[in-house]
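So the chains spell out like this:
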Amino acid sequence: MVNNSPGPAAVAAQDLRVHRGGRAVLDGLSFEVPRGLVMGLLGPSGCGKTTLMRAIVGVQVVSGGRVEVLGLPAGSAPLRSRVGYVTQAPSVYGDLTVTENLRYFAAILGAADADVRRVVDQVGLSSQADSVAGALSGGERARVSLAGALLGTPELLVLDEPTVGLDPVLRRDLWQLFGRLASQGVTLLISSHVMDEAERCQRLLLMRDGRALADDTPQALLERTQTHDVESAFLALVDERARTTTEEVPS
Amino acid sequence: MSLRCTLATARRVLAQLRHDHRTLALLLVVPCVLISLLAWIYDGTGTFDQIGAPLLGIFPFVVMFLVTSVATLRERTSGTLERLLTMPIGKLDFLMGYALAFGLLAVVQAVVASALSLLVLGLDVVGPAWLIVVVALLDALLGMALGLLVSAFASTEFQAVQFLPAVVLPQFLLCGLLVPRDRMNDVLQAVSDVLPLSYAVDAMRIVSSSPTVQGEVWRDLAIVGGAIVLALALGAATLRRRTP
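Criteria and cut-off values
- Residues numbered from 1 in each chain as written.
- Chains lettered and ligands numbered in written order.
- Predicted model: local features only at pLDDT ≥ 70, side-chain atom pairs only at ≥ 80, totals over all residues.
- Heavy atoms only, no water.
- Helix = DSSP H or I, 4+ residues; strand = E, 2+ residues; numbered from the N terminus.
- Rg over C-alpha atoms; globule rule 2.2 N^0.38 Å.
- Buried < 20%, exposed > 50% of the residue type's maximum accessible area, 1.4 Å probe, protein only.
- Contact = heavy atoms within 4.5 Å.
- Areas by Shrake-Rupley, 256 points an atom, 1.4 Å probe, with all protein chains shown as cover.
- Buried area = accessible area lost by both parts, 1.4 Å probe.
- Salt bridge = Lys/Arg side-chain N within 4 Å of Asp/Glu carboxyl O.
- Polar contact = N/O pair within 3.5 Å; in protein donor to acceptor, adjacent residues only side chain to side chain.
- 1 Å grid on protein atoms, 1.4 Å probe; cavity = no way out; pocket = protein on both sides within 12 Å on 5 of 7 lines; lining within 4 Å.
- Points joined across faces, edges and corners; volume = space filled by probe spheres on them.
- Nonpolar A, V, L, I, M, F, W, Y, C, P; charged D, E, K, R; others polar.

1. Comments concerning the overall build of chain A
Helix and strand counts for chain A stand at seven helices and 10 strands. Taken over the C-alpha trace, chain A has a radius of gyration of 19 Å; the compact-globule value for 251 residues is 18 Å, and the two agree within 12%. Seen through its principal axes, chain A has C-alpha atoms that stretch 65 × 40 × 35 Å. Across the 251 residues in chain A, those meeting the buried criterion constitute 52%. Relative to all contacts within chain A whose residues are 6 or more apart in sequence, the contacts with residues 24 or more apart total 66%. Accessible surface, chain A: about 10800 Å² in total, of which carbon and sulfur atoms supply 49%.

2. What about the interface of chain B and chain A?
Note: interface size is frequently given as the accessible area lost on complex formation between the parts. Every contact between the two is made by 26 residues of chain B and, on the other side, 32 residues of chain A. Regarding the contact of chain B and chain A, the summed buried area is about 2600 Å², with carbon and sulfur atoms giving 55% of it. Looking only at chain B, the three residues that lose the most surface to chain A are B:Arg83, B:Thr86 and B:Arg242, adding up to 28% of its buried area. If you look at where chain B meets chain A, you find three salt bridges. Among the ionic pairs, B:Arg18 bridges to A:Glu100, the shortest N-O distance being 3.6 Å. For the pair chain B and chain A, the number of links is 17 residue pairs in polar contact (both at pLDDT 80 or more). Breaking the side of chain B that touches chain A down by element, the ones donating at least two residues are helix H1 (3-19), helix H3 (47-77) and helix H4 (80-85) of chain B. Ranked by the residues each element gives to the side of chain B that touches chain A, the list is headed by H1(B), at nine residues.

3. Examining empty space enclosed by the protein
All names here are of chain A. Applying the stated criterion across every chain yields a total of one cavity of 30 Å³ or more. In this structure, the largest cavity occupies an estimated 30 Å³ of space. As for the largest cavity, its lining consists of Val86, Thr87, Gln88, Pro90, Ala142, Ser145, Asp160, Glu161 and Pro162. The class makeup of the residues in the lining of the largest cavity is four nonpolar, three polar and two charged.

Have a look at this one:
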């Protein structure tokens, strides 16, 4: 397994199970996220990506298994300033300006006020810094939300579909930012249901129906499935899984 | 507990109010209009002197209940609460931040409404005026703590608003303002005895009718204070870091 830096993995999950309304949302998931890279979490809508991310940041009631983050049980107090989390729907105060929002989050994290300007620049919102968040477009609000997670010195960033609905140029810029952060040693776990974003990740976790289909590098995945893009690889894996499960069922 | 997080939260809540001019105006103007209306209705009778002071305590209670239940519900539904709970902020820091911001607002509201009543509308208060503001502040914090607690049981703003008649009106009917508590039948009196607003109104009544501060006022205020702590503790228990 790739592990660029010493110490425990950024995320280590073992037989993770989450049930909601009698249904298994995560059905015995085991995987590791090595430190200092961009890990893509891919799968169709409803496959459990958000639930998995919530379990990693420690806000999800878990019914079985274990998740460790940076060597500590997920959600434990020392992790709260070391892990940044961005929800799918932007979680910012619509009645505050961009700067006011970020100043508040910076104060909670104990980050310097100057840090606010850095993250505003990083997400490309310098010209809207004094606009009220509620008056911004959905994509801009999402970037305010993302900026909040970049404050301070997070070691792990858990980003739930951070680039959905963004202009392609912005999307490219953000992926470049993610790559830069990873090269500085930050680990990023980024979910997406757009398979073409997979090529920008160093490692992929493909999910379907609360289970892991694959946990590999994009190249290895394509080689193993003998396909040329991640979407086809995904389909190949689903077919393969379907074949093995029907063979298992005694007729 | 972290003072930094508490102060940051209070500052943030006040900043939100500052952006919302209409809410701010409503918070300060509506009690003044209502109390003026009341003085006018009872013009020439002695009734305004009897119920004016208790009402100065009830307005902040009702207003803060409403404002807090909606504000906390918005934190829950907008995802900002979940975000905060993944960050290094304690639940108490969060609650105290709200208490500080709304408490400050309640003081301003109480000072404005009391000044209008005492100086312009001629409300006759025998006790010290500063104590009126203290009681009004505690009433506001009581409303805030209860609003916070019930917001956990509402999943939409429609529901949150419905809790106002459900939680506030019974207390208003039984607090001794409409019918003195000692003239109620035993059952109603027993219910009135366990509702915190009864003590808040009782304290206002004593302050307005007696020249010296009596032990009874402090007892009433201690009970209201206890109810605030209890409601805040229950409210804190409803703020869960982990949700299904």
